[in-house]
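Chain by chain, the residues run as shown.
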Amino acid sequence: MTILEEPTTGAPQKEIGKARRRKEDARLITGRTTWTDNMVLPGMLHLAVVRSPVAHAKITGVDLAAAQQAPGVIAVFSGRDFAEEQGSIPCAWPVTPDMVNPGHPSIAVDEVNHVGEAVAVIVARSKTAAQDAVELVDIDYDLLPVVLDMEQAVGQDAPLCHDHVDSNESFNFVFDAGDMGTGGDTDQAFADAEVVVSRRFVQQRLIPAFMEPRSVVVQPQGDNYTMWASTQIPHILRVMLAMITGVPEHKLRVIAPDVGGGFGGKLQVTPEEVITLLVARRLGKPVKWTETRSESLMSAHHGRDQIQYIDIAADRQGNVKGLRCRILSDMGAYLRLVSPGIPILGAFMYVGIYKFPAYRFECRGIFTNKTPTDAYRGAGRPEATFAVERIMDELAVELGMDPLELRRKNWIKAEEFPFTTAAGLEYDSGDYDGATRQALELIGYDELRAEQQRRRESGDPVQLGIGFSTFTEMCGLAPSRVLGSLSYGAGGWENAAIRMLPTGKIEVVTGSTPHGQGHETAWSQLVADSLGVPFEDIEVLHGDTAISTRGMDTYGSRSLVVGGAAVMKAADKVIAKARKVASHLLEASEDDLDFSAGKFSVRGTPGAGVTIQEIALATFAAHNLPDGVEPSIDAEATFDPVNFSFPHGTHICAMDVDTETGLVKIRKYACVDDVGVVVNPLIVEGQVHGGLAQGIAQALYEEAVYDADGNLTTGTFVDYLVPSAADLPHFDTGNTVHPAPGNPIGAKGVGEAGCIASTPAVVNAALDAVRHLGVSDIRMPLTPERVWRAIQHGGDGGVRATAGTTAYGGAQTETTAGVPTDASSLGGDR
Amino acid sequence: MTQISVRVDGASYSDDVEPRTLLVHYLREQLGKVGTVVGCDTSNCGACTVHLDGEAVKSCTVFAVQADGSEVTTIEGIASNGTLHPMQKAFHEMHGLQCGFCTPGMIMASIDLVKDNPNPSEDEVREGIEGNLCRCTGYQNIIRAVQQAAAEMGGGTASATEALGAQS
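Residues numbered from 1 in each chain as written. Chains lettered and ligands numbered in written order. Predicted model: local features only at pLDDT ≥ 70, side-chain atom pairs only at ≥ 80, totals over all residues.

Caption draft 1: Summary view of the domain arrangement of chain B. All names here are of chain B. Domain boundaries assigned for chain B yield domain 1 (2–77) and domain 2 (86–167). The interface of domain 1 with domain 2 comprises 15 residues on the first partner and 11 residues on the second. Of all the elements in the fold, those that place two or more residues in the side of domain 1 that touches domain 2 are β3 (49–52) and β4 (55–58). Its residues assigned to classes, the side of domain 1 that touches domain 2 shows seven nonpolar, seven polar and one charged. (Domains from an automatic or database assignment. Contact = placed C-beta atoms within 7 Å. Helix = DSSP H or I, 4+ residues; strand = E, 2+ residues; numbered from the N terminus. Nonpolar A, V, L, I, M, F, W, Y, C, P; charged D, E, K, R; others polar.)

Structure representation (structure tokens):
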């Protein structure tokens with residue numbers, strides 16, 4: 001151990017704020033990846049899942065004999081074979097004390113409740129052998145009435161989705177600001193209001209559509225099991241699998257290797273993960289299951305699917321007086337991990353950035369014979385943001401006010417932070433006016449308005465519209481106490497550890513499991529600054545419960561805000577431990593030591609110093625440590641936020657609408673987001689872009705459609721329109737920075753911002769283009785057909801075209817033929 | 001079973017394959033070329049794009065037997081002597097990937113695009129890669145990457161360089 005005397009140099013450039021190119025890329029751009037489906041183990045068997053072709057039926061007969069005799073098939077199991085050990089897929093969020101959970105077997109035993117539900121599993125020596133045997137399984141179904149439409153499902157004499165429960169309602173959650181003491185009496189506010197505007201909005205069903213299909217491999221080793229899974233949540237998955245299957249938690253290791261996207265879609269404990277573990281345990285062999293895209297679209301959980309009845313009260317001057325939201329939220333056939341909690345996350349965001357004095361929210365969770373819904377990027381908050389940003393535009397029209405002026409009149413002013421809303425949340429920081437002014441400049445607002453006027457006057461068949469979304473969201477999920485108060489089954493903390501290796505290199509272990517977000521790069525930047533060590537000397541480890549032993553994983557824009565904060569706390573602990581060693585080595589009091597740029601030096605004694613990396617080696621050798629000090633400067637920390645963080649921003653969309661064909665095309669899109677302190681601007685910009693693409697896709701392209709029998713008619717990428725590069729515009733992005741006070745980084749979270757904010761901006765823009773033609777709503781997605789019908793016939797354009805028409809982005813298939821366009825009760829404007 | 005002989009990333013292979021085996025499954029399961037991935041089952045996503053005799057193909061639309069006698073290049077074969085292909089480098093520098101699952105196919109399709117159009121405009125890149133789906137990036141940085149790589153590969157404009165400057 002040598003204490004080097006180094007010449008004093010200028011302070012190294014800060015890593016935080018630098019557009020570091022990502023460490024992750026090296027393997028991803030060369031094909032040296034570790035996707036779960038790449039995994040091959042000696043003697044590994046392959047699974048294929050047999051899925052229900054009907055939406056609702058009793059299983060009256062199961063004949064596996066032909067499949068069992070097929071070439072290469074090792075075993076075939078039905079639900080009956082695992083009935084005693086498969087338990088139920090867990091639901092961790094009972095949002096009300098009397099919430100009804102009908103139970104969710106991984107393989108259906110007596111009854112199927114949606115098309116695509118697993119009914120049997122083939123185990124074979126090759127994937128093709130397993131798939132070939134699928135159609136040899138013979139199952140008899142006794143068909144039951146199908147429940148698909150939420151409004152019908154809650155009506156009198158509706159057939160039941162689950163005949164062992166009393167109704168199709170799982171829960172009725174109410175938040176009333178008057179009762180909670182966070183606002184006035186909502187009914188009184190509406191009774192007294194000069195203006196009330198009411199609308200019914202439909203949040204269509206979406207599919208997360210991560211690019212990597214789900215995959216899981218389980219290897220039994222004695223009484224231990226290792227699972228590799230394409231999951232966002234290896235830590236939660238491990239706990240839940242242990243609880244469901246009885247495999248003791250300490251005998252189960254879960255690894256999420258490279259994971260190809262999630263967007264909430266892999267925030268799940270899936271039937272297939274349970275089945276793969278059960279089969280591996282039963283046979284004592286390694287097994288793999290990888291889904292096809294068609295399986296993924298029909299059986300991985302869906303998102304959104306709400307009907308929102310929104311009432312807003314105001315005076316004639318445009319001061320909002322109250323907001324009332326009644327929501328029907330489609331759970332699908334079963335409750336999965338956080339299905340009921342998704343609309344409840346939105347409950348606190350419907351008031352948006354506005355100072356509503358009164359607020360009431362009611363949400364009924366409804367069962368239908370469709371694929372279960374659960375988290376999808378934004379998870380409840382896009383729905384809330386859409387509702388408030390759309391209804392503000394409708395109120396502006398009613399009052400004859402400029403939509404931005406109405407917003408400005410009601411939003412929280414920069415000097416009013418922290419501000420507690422009627423929903424009871426304390427917003428941390430921001431400046432809505434500043435972000436808006438910057439966004440207006442970015443898009444060239446005045447010129448666009450002038451052009452809109454010119455084109456309106458000239459009767460241009462292609463009209464221009466401009467739409468706003470001035471949004472906020474709650475991020476950094478989540479303060480454990482708040483989750484507890486909402487009856488969520490776990491905490492919201494995150495864990496990190498820093499290991500100081502003898503050669504001065506550093507391992508950072510995070511409990512937040514990435515799948516494209518760039519944790520390895522951003523966490524390295526955090527630690528490089530905290531410990532004053534080179535970015536290249538840091539390796540970030542994650543996604544393996546044997547390495548990263550404690551974690552809550554990645555969702556809800558939480559990774560940097562909560563997981564990064566844990567890394568910062570761990571770094572502080574490392575420095576504190578190293579300080580004791582440095583004090584000993586430098587023969588100086590701890591109080592006299594400065595720590596800067598990775599080096600301890602003695603105040604007033606130029607030249608004397610020791611770097612933290614040198615201390616790591618000295619600690620490893622442990623020859624010369626102070627008495628009573630353990631030979632380790634490694635540290636672990638857990639961060640539990642006290643409050644959420646609240647990113648905000650102003651998004652503006654300029655849209656061309658061809659009034660003759662209904663074709664909509666985004667002309668310009670600009671947004672200015674405040675996500676707090678930016679650790680890596682490259683990653684932040686990328687997250688905003690990706691979020692915008694998904695939010696715009698909800699507005700314009702994507703919809704999971706079921707026919708009258710409960711068949712998913714958008715079951716491939718031919719029919720489910722994930723946008724391509726040609727379908728999306730160029731984005732102009734900017735940001736303002738108001739640090740989050742609730743974490744040591746000052747970051748607010750960015751993963752969901754673009755997705756939450758963009759959808760209403762796009763729809764508001766389309767409406768702004770055609771409102772003078774008498775159009776006041778258009779159902780998402782805004783297909784040319786719907787836009788055309790709304791212009792020609794009024795209403796919201798109706799349900800998606802099926803029989804007798806050609807749906808944009810959709811194919812006519814046998815399963816959609818014969819369904820009349822106006823059959824659904826969802827049709828029509830209120 | 002049918003015997004085929006192919007060169008993949010510069011190495012020669014002779015193998016028996018089932019007539020129904022798709023090229024992508026041959027690459028992944030028989031050769032262990034798992035850098036090329038499967039993202040869908042309808043040839044929409046393009047994640048499995050490779051070069052077959054120099055042309056980009058979705059390897060899920062080609063039977064392995066159709067590749068008999070051909071030269072196949074995958075994402076694993078485009079770097080030479082440890083030096084990244086300009087397209088790989090550009091995807092890294094422009095942050096043209098997040099989860100990276102679409103990236104092998106996106107890079108292989110983009111190389112082919114630039115071969116046909118050495119100096120593509122933003123709209124030409126958008127149209128040119130519309131057969132490849134990405135769920136993470138919103139495509140904007142992929143377009144920047146393709147334009148930067150095009151410049152480095154010999155065509156080129158200053159626009160990609162400006163984009164890089166604007167980002168840093």
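Caption draft 2: Representation of the interface of chain B and chain A in the model. With 46 residues of chain B at the contact, the number on the chain A side is 41 residues. Residue assignment for the side of chain B that touches chain A shows that the elements contributing at least two residues are α2 (86–93), α3 (103–116), α4 (122–128) and α5 (140–153) of chain B. Considering only residue class, the side of chain B that touches chain A consists of 20 nonpolar, 18 polar and eight charged.

Caption draft 3: Representation of the environment of A:Glu441 within the structure. Locating A:Glu441 in the fold gives a position in helix α14 (residues 432–443). As a C-alpha pair, A:Glu441 and A:Ala670 span 229 residues in sequence and 9.3 Å in three-dimensional space.

Caption draft 4: Structural view of unusual backbone geometry. The omega torsion of the bond from A:Leu477 to A:Ala478 falls at -5 degrees, within 30 degrees of zero and hence cis. Within the secondary structure layout, A:Ala478 lies in the loop between β18 (462–472) and α16 (480–485). A cis amide bond links A:Met780 to the next residue, A:Pro781, at an omega of -10 degrees. As for its position among the elements, A:Pro781 is in the loop between α21 (753–770) and α22 (784–793). With a phi close to 50 degrees, B:Asn81 is a non-glycine residue in the positive phi region. Relative to the elements of secondary structure, B:Asn81 occurs in the loop between β5 (71–73) and α2. One non-glycine residue with positive phi stands out, namely B:Tyr139, at about 75 degrees. Judged by the 30 C-beta atoms lying within 10 Å of it, B:Tyr139 is buried. (Buried ≥ 20, exposed ≤ 12 C-beta atoms within 10 Å, placed from the backbone.)

Caption draft 5: The confidence of the model for chain A, seen in detail. Residues and elements named next belong to chain A. Residues of chain A with pLDDT of at least 70 account for 95%, and the chain-wide mean is 94. Per-residue pLDDT stays below 50 along residues 1–9; that stretch engages in seven contacts with residues further than four places along the chain or on separate chains. In the model, residues 802–830 has pLDDT below 50 throughout and makes 62 contacts with residues more than four positions away in sequence or in other chains. (pLDDT = per-residue confidence, 0-100.)

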